[in-house]
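# Structural overview for review
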Amino acid sequence: MRHFGHLAPDIRNALFHQEPVEFTADSPPSTLSIALGATLYSPATRPRLAEDIVKQAGRGVVSMVLCLEDSISDADVAAGEENLVRQFADLAEEDENGTDLPLLFIRVRAAAQIPDLARRLGRDVRLLSGFVLPKFTEDRGVPFLEALTGAEAECGRRLFAMPVLESPDLLHLESRGETLRGIARTVDKYRERILALRLGVTDFCSAYGLRRAPDMTAYDVQIVASVIADVVNVLGRADGTGFTVTGPVWEYFRLHERMFKPQLRQSPFLGRAEELRTALIEHDMDGLLREIELDRANGLQGKTCIHPSHVAPVHALSVVSHEEFSDAVDILRPERGAGGVLRSAYTNKMNEIKPHRAWAERTLLRADAFGVAREGVGFVELLTASLPHT
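Each value, and the rule that gives it
- Residues numbered from 1 in each chain as written.
- Predicted model: local features only at pLDDT ≥ 70, side-chain atom pairs only at ≥ 80, totals over all residues.
- Heavy atoms only, no water.
- Helix = DSSP H or I, 4+ residues; strand = E, 2+ residues; numbered from the N terminus.
- Rg over C-alpha atoms; globule rule 2.2 N^0.38 Å.
- Buried < 20%, exposed > 50% of the residue type's maximum accessible area, 1.4 Å probe, protein only.
- Contact = heavy atoms within 4.5 Å.
- Lys, Arg positive; Asp, Glu negative; His and termini not counted.
- Charge placed at Lys NZ, Arg CZ, Asp CG, Glu CD.
- Core = buried A, V, L, I, M, F, W, Y, C linked by side-chain atoms within 4.5 Å.
- Pairing = 2+ DSSP bridges.
- Right-handed = clockwise from strand over helix to strand, strands pointing away.
- Salt bridge = Lys/Arg side-chain N within 4 Å of Asp/Glu carboxyl O.
- Phe/Tyr/Trp six-rings, centres within 6.5 Å; stacked < 30°, edge-to-face > 60°.
- Axes fitted to C-alpha atoms, helices over the stretch in contact; angles between N-to-C directions.

### Structural notes on the overall build of the protein chain
When helices and strands are tallied, the protein chain shows 16 helices and 12 strands. Here the C-alpha radius of gyration of the protein chain, 21 Å, is about what a compact globule of 390 residues would show, namely 21 Å. Projected onto its principal axes, the C-alpha positions of the protein chain cover 60 × 50 × 45 Å. For the protein chain, with 390 residues in total, the buried portion stands at 52%. A sequence separation of at least 24 residues applies to 76% of the contacts in the protein chain between residues at least 6 apart. Counting 45 positive and 56 negative side-chain charges, the protein chain places the centres of these two groups 3 Å from one another.

### Here we look at the nonpolar core
Judged by nonpolar contacts, the single largest core of 74 residues is most densely connected at Ile106, Ile114, Phe131, Leu165, Leu199, Ile228 and Val231. Looking at this core element by element, the count peaks at 6 residues for helix α10 (residues 222–235). Once you skip the residues sitting within four places of it in the chain, Val231 turns out to touch Leu165, Leu170, Leu180, Leu199, Gly236 and Val245. Among the nonpolar cores identified, the runner-up in size contains 31 residues, and Val164, Ala196, Val319 and Leu382 belong to it.

### What about unusual backbone geometry?
Backbone geometry places Phe4, a non-glycine residue, at a positive phi of 65°. With respect to the helices and strands, Phe4 occurs in the segment before α1 (9–15).

### Examining the pairing of strand β4 (residues 103–107)
With 5 of 5 residues buried, β4 lies mostly within the body of the structure. Judged from the 5 bridges that link them, strand β3 (residues 63–67) and β4 form a sheet pairing that is parallel. Among the inter-strand pairings, Val65 is bridged to a residue of β4, identified as Phe105. In this region the chain leaves β3, passes through helix α4 (residues 77–96) and returns to the parallel neighbour β4; the handedness of that crossover is right-handed. Sheet topology note: the β4/strand β5 (residues 130–133) ladder contains 3 bridges and is parallel. Bridging from a neighbouring strand, Arg107 pairs with Val132 of β5. In terms of handedness, the path from β4 via helix α5 (residues 113–121) over to β5 forms a crossover that is right-handed.

### Quick notes on the pattern of salt bridges
A side chain with one charge may pair with a side chain of the opposite charge, provided their charged atoms come close. Under the criterion given, the structure shown has 33 salt bridges. The salt bridge partner of Glu152 is Arg193, with a shortest N-O separation of 2.3 Å. A residue pair is termed long-range when its members are at least 10 positions apart, and Glu152 in helix α6 (residues 138–155) and Arg193 in the loop between α8 (173–189) and β7 (197–199) qualify at 41 residues. Classification of Glu152 by relative accessible area gives buried; the value is 16%.

### Brief notes about the packing of aromatic side chains
Tallied over the entire structure, the rule returns 2 aromatic pairs. Relative to Tyr252, the ring of Trp250 has its centre 6.1 Å away and its plane inclined at 70°; by these criteria the two rings are edge-to-face. Note on Trp250: relative accessible area 1%, which makes it buried.

### Focus: the sheet that holds β7
The 8 strands lie next to each other as β2-β3-β4-β5-β6-β7-β8-β9, forming a closed barrel whose pairing is parallel. Ignoring strand direction, the axes of neighbouring strands in this sheet form an average angle of 30°. Direction of pairing for strand β8 (residues 245–250) relative to strand β9 (residues 303–305): parallel, over a ladder of 2 bridges. Within β9, the residue paired with Gly247 across the bridge is Lys303.

Okay, here's the thing in structure tokens:
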């Protein structure tokens with residue numbers, strides 16, 4: 001699989017200076033953690049789940065979470081588990097027929113579900129990339145990770161964990177520091193199993209009876225923004241000790257009454273895609289686009305998505321611009337090893353070799369996963385090409 005692989009070769013050629021690389025479920029964790037992109041959640045109880053997965057893969061989705069936790073009722077857990085086993089059997093047939101499937105993860109409620117589901121899936125466990133672990137703290141996380149380790153040994157399949165950081169202990173000021181330190185100890189001990197850390201911002205808001213409006217980002221809710229900053233501070237460092245931390249879910253996908261002005265400038269769309277701008281604003285996607293940009297500015301990669309319409313914007317804004325790529329390559333040239341400062345090839349900024357090195361390394365990892373846009377190609381062209389109706 002690869003990002004934008006659902007587009008025709010001539011369209012990719014027109015869009016990309018460097019196309020995204022191909023990867024598989026067996027690729028190195030450093031590749032997969034960045035390539036997760038827009039991770040689409042789906043309730044595990046959906047009766048046509050296998051068909052949905054195949055359809056979304058054909059539209060550019062490369063990672064999905066099949067949820068047995070908050071998205072279904074307590075009474076439906078057993079039925080959801082049974083449905084997953086049936087749907088994985090259908091997916092195995094698709095896989096044998098050459099259908100490209102996304103990376104698949106199961107979000108569980110309890111540690112005991114991990115080995116149980118791995119056994120019940122049988123041979124079809126080969127289609128599973130891992131498990132999403134809810135309300136992760138040191139105390140709750142260790143049993144989940146021990147169960148994952150045991151299941152991996154039993155089924156002979158590499159299985160990753162994606163802990164969700166959403167506990168009130170992480171939100172409350174008096175317990176945040178120690179909770180973060182405990183999480184850091186735990187994920188460091190099981191580092192080879194941790195693919196990415198996910199943020200449960202909806203649960204953060206719930207602890208204070210809050211819900212952000214569609215024209216506000218998570219970063220406008222200061223109590224949430226402070227937690228994101230602390231999580232990245234402790235767990236997202238670029239010194240080799242950090243992990244990929246993914247962006248929070250965007251909850252909206254239908255028309256809402258708007259209080260504030262749209263957040264999308266007209267100039268990027270003029271003469272090219274003015275109808276696209278109107279459609280994005282009408283469906284509150286301007287807020288999503290702004291939040292995606294703020295995610296990256298604050299050290300987050302990819303995003304949790306609960307609606308297929310969110311996938312294309314996340315991926316379009318994950319592509320490395322030609323200017324970013326040019327800067328990153330210049331900074332990482334071997335002859336720059338001694339440091340110093342140079343003017344960018346675009347002659348519009350300063351590139352300082354040592355301070356910008358970690359940024360450049362991360363940018364090239366993203367370039368591998370999502371590609372590099374041709375000079376003059378921006379998110380408008382990428383998004384227009386990626387939307388299902390195009």
